[in-house]
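# Coordinate inspection notes
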Amino acid sequence: MNGGDLVAKALQAHGVEHVYTLCGGHISPILVGCKQLGIEIVDVRHEVDAVFAADAEARITGRPGVAAVTAGPGATNTITAIKNAQLAQSPVVLIGGAAATILRGRGSLQDIDQLALFEPHVKWAASAEKVRELPGMVETAMRVAAAGVPGPVFIECPVDLLYGEEIVRKWYGESGGGGLKGWVVGRYLGRHVDRLFKGAQEAVINPSPQLPEVEAGDARKVRKAASRLASAKRPLLVVGSQALIRGGLDGGAAADRLATAIRQLAVPVYLAGSARGLLGRDDPLQLRHRRRKAIKQADVVILAGFPADFRLDYGRQIRRGATLVGANLDGEELNLNRRPDIAVEGDPASFLLALAGRRRHKAERWQGWLEELKASDREREDEIAAMARQETSGVNPVDLCRQIEAVAADDSVLVVDGGDFVATAAYTVRPRGPLRWLDPGAFGTLGVGGGFALGARMCRPGAEIWLIYGDGSAAYSLAEIDTFVRHGVSVIAVIGNDAGWTQIAREQVPILGDDVATVLAKTDYHRVAEGYGGRGLLLDRPEAIPEVLRQAQEIAAGGEPVVINAHIGPTDFRKGSISI
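Heads up: these notes are all about the structure in this document. (Residues numbered from 1 in each chain as written. Predicted model: local features only at pLDDT ≥ 70, side-chain atom pairs only at ≥ 80, totals over all residues. Heavy atoms only, no water.)

## Here we look at the environment of A219
Its location among the elements puts A219 in helix α10 (residues 219-230). C-alpha separation for the pair A219 and D55, spaced 164 residues apart in sequence, amounts to 32 Å. (Helix = DSSP H or I, 4+ residues; strand = E, 2+ residues; numbered from the N terminus.)

Here it is as structure tokens:
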């Protein structure tokens, strides 16, 4: 038994099935201990992707995802993914190795103040001082990550707490040197080791506790919201990612209950972020286009787990005469930019369940309003269809996305990572069901793709995984094709290759008259994939789209990852779409 085994046993007690990692000597005992207990070790090619994968698992299952990285640069490489998880309110536990306790601040290999680095970006950060503390620290990390407003946590495990006592005594014994001074140093180091391992054999590993309960918020405010809704003529509901934070619990039953509640409310609804797909592909209540216009027309707007940030023009889209109902776990987010008329600080999913239970209106009440919105949606769909028919150099990206929408399997998980091409996909490719759409969230982080796709495959082993890449974002994680091959992960990655950072160029060129730093090469990404052991397909002709998509699906069904290098041409589909 060593400290690494204790960490592994604590993770096992909490039901952890996967640990995402990139190896390092500081954490080797944890990885070996986990493997011996049957916890799958999924090793990646960049530490940031280990955290992205853990984040994806957390979003899909509703339980904290776990990543382990080595000290120093191993830890610093994760900071973007940790910040992304914080802003996405995703429960992630990051375990970091660290220099030996006696060597902190003395120039030891990869020794930095990791707690100071992580504390601004996590809910909780701590470093173990004794071996017996390790299981309790893991337990606290799992609980804190999921409690209240979920988010990432960081725990630091110094290397001399993870290896066996005999090995650690040998390390310190060799540090003492000779003579009286060596004897004194040896005695000091021996006592230090005594303190490190004192009580280690009696360390308690508690069984996995239940996740903390969540509340719907003030019942009086729920009643008030129900009353306002009953008198509304043009209500609108916007459901954000926060409402699906625990949607994956009980095999997705929590998401199903939320979908049922929304249908009972019968309010026209827009789904955003991880909430996309909650109502399936073609629910009559769900709207997809012209949200800004709809919100401006509404007389009651319910924001369930969706803040009034840049996506709602900082609250300006909601007209002053409308009633704003907000439900959010985070009090600051609840009141961000626009204070709700009815502010419910609580779990937005539980709030919607409670609101549906107090429904006082008939579903037909807003049928005219819904039909008006659906007509606007159909008009936009017709415009998109017309754009898909336009000729362009190479492959029309709108047409490609529409054809992906037509052939993607009913169990597909859609992972999106990019700018212009991915935003086109967001308007045209419909998630098939709850928790089957993964995007970075409000931080707008590029580079999530490889890690998210990996985590999605680990959680949904039988599903068809689509990874929609921009050619700019693809370079961040294309090396994870190697990881996919080694772990038998089949993913269909579609790279929209227009040889540029097009989302930036759309505004930079007309406003500033210069394309500096926005131009890329028409790289052979399909050959890059083959170099990593995967399969690659070139798509450079519009008429070849159906056959290439069919080939990719067959390759993925056979258990191999495949990259489609799609040479897309320019369109005006997203002209004027910059967000600040």
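Moving on, there is more to tell.
## Section: the sheet that holds strand β1 (residues 18-21)
Strand order across the open sheet formed by 6 strands is β2-β1-β3-β4-β6-β5, with parallel pairing between neighbours. Only two strands of the sheet have a single partner each, and these edge strands are β2 (40-43) and β5 (124-127). Adjacent strand axes in the sheet meet at a mean angle of 20° when their direction is disregarded. In the sheet, β1 pairs with strand β3 (residues 65-69) via 2 bridges, with the strands oriented parallel. (Pairing = 2+ DSSP bridges. Axes fitted to C-alpha atoms, helices over the stretch in contact; angles between N-to-C directions.)

## With respect to the pairing of β1
Residues H18 and Y20 of β1 are buried on one face, and the alternating residues V19 and T21, pointing to the opposite face, are buried as well. In this sheet, β2 lies alongside β1 in parallel orientation, the contact comprising 4 bridges. The residue bridging H18 from the neighbouring strand is E40, located in β2. (Buried < 20%, exposed > 50% of the residue type's maximum accessible area, 1.4 Å probe, protein only.)

## Re α10
When the terminal C-alpha atoms of α10 are compared, their 17 Å separation across 12 residues agrees well with the 16 Å that a helix rising 1.5 Å per residue should span. Of the residues making up α10, those classed as buried are V222, A225, A226, L229 and A230. Buried residues along α10 cover an arc of 135° about the axis, so they all sit on one side. In this fold, the buried residues of α10 make contact with β7 (235-239), α11 (249-265), β10 (300-304), β11 (323-328), β12 (342-345) and α14 (348-357). For α10, the side-chain oxygen to backbone nitrogen distance between the N-cap and R220 is 2.8 Å, and the N-cap itself is D218. (Expected span 1.5 Å × (residues − 1). Arc of directions from axis to C-beta. Contact = heavy atoms within 4.5 Å. Polar contact = N/O pair within 3.5 Å; in protein donor to acceptor, adjacent residues only side chain to side chain.)

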